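Topology and contacts: notes
Chain by chain, the residues:
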Amino acid sequence: MNSFFVKPMFGSSKAFRVLLIAVCNVSFFLLLALLVWQVASYQSRQSIQLLTERGSAMIEQSLHNAYTVLDQIALSPSAPCQDLYADLQKISSATPYFRGIYIADSQTQRIFCSSSHALGNIDSPIQTLISNGATQASGIAWHEKSLISDREALIIYRKLDNGRVLIGVLDSQYYKDILQLVMGLRVKTITLKVGDLQLVNQDNDFILTPLTATKSNSTAILMDQLPVKITAQHNSFQLRKYIETNLPLAILLSVLFLAWSSRWIWLRFGENNHFRQQVIESIQQQKFIAFYQPVMGQQNSIAGVEILARWQHPQHGLLNPALFIQQAEAQGLLTPMMLSIIEQVEIDLSKKTIPAQSRVGINITAQQLNDQSMLNAIFAFNAKLKYLDYQLVIELTEEGLVSDPDLANKIIQKMGHAGIMVAIDDFGIGHSSLASLSRFPFHYLKIDKSFIAHIVSREKDQIIVANMVDMARQLNLNVVAEGVENKDQADYLAILGVDYLQGFYFSKPLPIAELAQFKFNTVNSAPSPYFH
């Protein structure tokens with residue numbers, strides 16, 4: 001399978017991250033497009049709202065003025081039309097949008113006087129202008145035809161206490177001009193609704209039609225104290241204009257988000273960052289567990305244990321340290337991980353699981369040797385082990401010593417003064433193992449398992465191990481052989497005089513519960529004792 005699709009142990013695959021980046025960015029683009037649409041729609045509505053309010057204010061002001069004109073006309077109950085005609089003509093001509101003023105009798109329901117007819121003489125039913133016959137004190141309505149022409153007009157009236165009814169016929173063209181001014185390019189449809197009729201634009205003109213419901217994408221303004229409403233339906237051209245205005249900013253935001261989110265997702269779900277998060281969570285949840293591998297001494301008894309870390313991973317199960325120790329150290333997480341394990345060990349060994357005076361070995365790296373918090377924890381750990389009658393052994397590899405040998409030597413001496421023994425681990429595989437023996441005050445020498453694997457069959461390995469043991473004797477060092485996997489290896493090492501043996505032949509690393517039940521298998525062992 002192509003490595004592009006292989007999922008790392010501690011992170012997400014490249015394919016998954018690419019897919020996640022694509023999904024996130026497509027989702028962002030869709031949300032941004034919706035946002036641009038919403039903003040443009042809001043801006044368009046606000047623009048139409050402002051225009052409609054201005055048009056409404058002009059129409060409302062004209063209607064209030066028209067009623068004011070009617071209120072200025074004084075009528076006596078018995079005055080004939082010829083006495084009123086001159087005043088009606090004067091008032092009507094002085095008000096630009098008035099086409100005529102009429103007087104009717106509410107009792108007879110007849111119009112008997114007009115500013116627009118010769119000498120004011122007229123005799124017409126009041127329903128010619130007012131469909132309900134002026135049953136209310138005042139009113140306003142569209143009328144398809146007036147007594148003056150066949151053109152539509154806006155009719156207002158005021159009913160007086162003396163039984164007379166004053167009627168004003170307002171020029172529809174005045175209101176058409178206001179509506180046309182409001183429309184411009186921003187409004188698709190504009191409507192002036194009065195009563196059961198509405199004046200609405202159609203092609204290049206305005207016509208009266210029966211009242212219809214206001215559409216959802218329209219702005220409506222109801223005039224104060226008047227049964228008049230003006231509505232404006234948005235023009236798609238105006239919406240596109242606002243979308244185009246907001247588009248450059250949207251594109252810039254998209255590019256910035258694409259760059260930021262892609263980088264964040266790639267790192268966040270990559271192996272390093274995902275590994276870091278998993279380690280921190282596992283430390284908090286105590287998912288790093290101490291395992292103990294017995295170290296066998298004389299008389300086939302446990303002489304000590306080496307502490308080995310295991311990770312109870314939520315997806316991958318129990319993980320060997322080879323899979324995570326180096327990466328944890330590279331990200332500065334090894335010390336908090338080890339501190340968590342040390343806390344567990346203190347609790348485990350407080351139950352006296354292994355014999356008194358046993359050695360308790362723990363591995364630390366060069367980075368940890370320079371970490372004061374780790375050193376403080378080691379000295380505190382040593383004090384607790386002393387109280388429990390155990391001996392702490394710190395195991396160091398050669399790589400942990402050569403970076404700053406003077407500092408390492410000073411720390412090892414300080415450990416020795418505190419009663420902590422130090423072992424050189426994996427001895428024989430470094431480039432200057434002998435130099436390390438001469439420079440540092442070690443107590444133990446642990447022969448690397450690569451020399452033990454073929455010690456029975458390979459003469460060179462026999463000679464090398466024999467020389468290591470002889471050299472350790474002369475330097476007064478205890479010798480531990482790692483990686484003992486069968487009886488022949490154990491017997492041969494016993495003949496060479498190795499002090500301690502460690503390997504799967506005796507036991508694999510065990511959790512504390514199994515360590516408490518551990519018993520050395522004497523049936524398959526070499527004759528006791530191994531050691532001289």
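What you see is a predicted model, and the numbers here were worked out from it, not measured in a lab. (Residues numbered from 1 in each chain as written. Predicted model: local features only at pLDDT ≥ 70, side-chain atom pairs only at ≥ 80, totals over all residues. Heavy atoms only, no water.)

Focus on the packing of helix α7 (residues 334-349) against helix α9 (residues 372-387)
Note the cut-off: For every element, the axis is a line fit to its C-alpha atoms; helices are fit only across the contacting stretch, and the angle between N-to-C directions ranges from 0 to 180 degrees. A run of DSSP states H or I qualifies as a helix once it reaches four residues; a run of E qualifies as a strand once it reaches two. Both are numbered from the N-terminal end. The scheme is simple: roughly parallel for angles under 35 degrees, roughly antiparallel for over 145, roughly perpendicular for 65 to 115, oblique for anything else. Contact between two residues is taken to exist if any of their heavy atoms lie within 4.5 Å; hydrogens are not considered. Ten residues, namely Ala, Val, Leu, Ile, Met, Phe, Trp, Tyr, Cys and Pro, are considered nonpolar, four, namely Asp, Glu, Lys and Arg, are considered charged, and the remaining ones, Gly among them, are considered polar.
Running from N to C, α7 and α9 cross one another at 5°; their axes reach a closest spacing of 11 Å. In terms of orientation, α7 and α9 fall into the roughly parallel class. Contact residues: α7 offers Thr-335, Met-338, Leu-339, Ile-342, Val-345, Glu-346 and Leu-349, while α9 offers Ser-373, Met-374, Ala-377, Phe-381, Lys-384 and Leu-385. Among the residues forming the contact of α7 with α9, the class breakdown is nine nonpolar, two polar and two charged.

Let's talk about the nonpolar core
Counted only if it meets this: In this text, buried Ala, Val, Leu, Ile, Met, Phe, Trp, Tyr and Cys residues form a nonpolar core when linked through side-chain atoms within 4.5 Å. With a 1.4 Å probe rolled over the protein chains alone, any residue whose accessible area is under 20% of its type maximum counts as buried; one over 50% counts as exposed, and the rest are partly exposed.
Counting residues in each nonpolar core, the largest one holds 72 residues, and the members touching the most others are Met-337 and Met-415. No other element matches the seven residues that α7 contributes to this core. Ignoring sequence-local partners within four residues, the contact set of Met-337 consists of Val-279, Ile-283, Phe-288, Phe-324, Ile-325 and Ala-328. Grouped together as the second largest cluster of nonpolar side chains are 44 residues, Leu-84, Ile-156, Leu-170 and Ile-190 included.

Details of the pattern of salt bridges
Opposite charge on two side chains makes pairing possible when the charged atoms of those side chains draw close. Definition in use: One speaks of a salt bridge when a side-chain nitrogen belonging to Lys or Arg is within 4 Å of a carboxyl oxygen belonging to Asp or Glu.
Within this structure, the stated rule accounts for eleven salt bridges. For Glu-346, the salt bridge goes to Lys-384, with nearest N and O atoms at 3.0 Å. With Glu-346 in helix α7 and Lys-384 in helix α9, the pair connects residues that are 38 residues apart, well separated along the chain. Residues joined in a network through salt bridges with shared partners are Glu-306, Glu-395, Lys-446 and Glu-482.

Description of the packing of α9 against helix α11 (residues 405-417)
What counts here: For a crossing to be left-handed, the near helix must be turned anticlockwise from the far one by less than a right angle; the clockwise case is right-handed.
Viewed as axis vectors pointing N to C, α9 and α11 meet at an angle of 20°, and their least axial separation amounts to 11 Å. As the angle between them shows, α9 and α11 are arranged roughly parallel. In this structure, α9 meets α11 at a crossing whose hand is right-handed. Residue-level inspection shows Leu-375, Ile-378 and Phe-379 of α9 in contact with α11, the latter providing Ile-411, Lys-414 and Met-415. By residue class, the composition of the contact of α9 with α11 is five nonpolar, no polar and one charged.

Quick look at the sheet that holds strand β11 (residues 228-234)
Put simply, the rule is: By the convention used here, strands pair only if DSSP detects at least 2 bridges between them.
The strand order across the open sheet formed by five strands is β9-β8-β7-β11-β10, and the pairing between neighbours is antiparallel. In the strand order of this sheet, the two ends are held by β9 (205-210) and β10 (218-222), each with one partner. The mean inter-strand angle of the sheet, taken between neighbouring strand axes irrespective of direction, is 20°. Note: strand β7 (residues 187-194) against β11, seven bridges, orientation antiparallel. Note that in β11 the partner of Leu-192 across the bridge is Ile-230.

Points about unusual backbone geometry
In the Ramachandran plot, Gln-109 falls in the positive-phi region, its phi being about 60° despite a non-glycine side chain. Considering the arrangement of structural elements, one finds Gln-109 in the loop between β1 (98-105) and β2 (110-114). Of the residues examined, Gln-109 reaches a relative accessible area of 22% and is grouped as partly exposed. Of note in this structure, Asn-476 is not a glycine but carries a positive phi near 60°. By the secondary structure assignment, Asn-476 is in the loop between α14 (459-474) and β19 (478-481).

With respect to a nonpolar patch on the surface
Threshold: Every patch collects residues that have over 30% relative accessible area and no salt bridge, joining them within 9 Å if they carry like charges and within 5 Å if they are nonpolar side chains (Val, Leu, Ile, Met, Phe, Trp, Tyr). Areas reported as accessible are Shrake-Rupley estimates using a 1.4 Å probe. Residue values count occlusion only from the protein chains shown.
On the surface, Leu-249, Leu-252, Leu-253 and Leu-256 cluster together into a nonpolar patch covering about 390 Å² of accessible area. Tracing the backbone through its elements, the reader meets Leu-253 in helix α4 (residues 236-268). Residue Leu-253 is classed as partly exposed on the basis of its relative accessible area, which comes to 40%.

Thoughts on helix α3 (residues 172-183)
For clarity, the threshold we go by: To estimate the expected span of a helix, subtract one from its residue number and multiply by 1.5 Å. Read the arc as the range of directions from the helix axis to the C-beta atoms. Side-chain atoms alone can form a polar contact between residues adjacent in sequence; in general such a contact is a pair of N or O atoms within 3.5 Å, and within protein one must be able to donate a hydrogen while the other accepts it.
Between its terminal C-alpha atoms α3 stretches 16 Å, which fits the 16 Å expected from twelve residues at 1.5 Å a residue. Buried within α3 are the following residues: Ser-172, Tyr-175, Lys-176, Ile-178, Leu-179, Val-182 and Met-183. Along α3, the residues classed as buried sweep out an arc of 160° about the axis, all on the same side. For α3, the N-terminal capping position is held by Asp-171, with its side-chain oxygen 3.1 Å away from the main-chain nitrogen of Gln-173. Backbone geometry just downstream of α3 places Gly-184 in the positive-phi region, at approximately 50°.

A few points about the environment of Ile-289
You can see Ile-289 is positioned in strand β12 (residues 288-296). In contact with Ile-289, other than residues within four places in its own chain, are Leu-308, Ala-309, Arg-310, Gln-312 and Gln-344.

Read these as layout, nothing more, since geometry by itself doesn't imply function.
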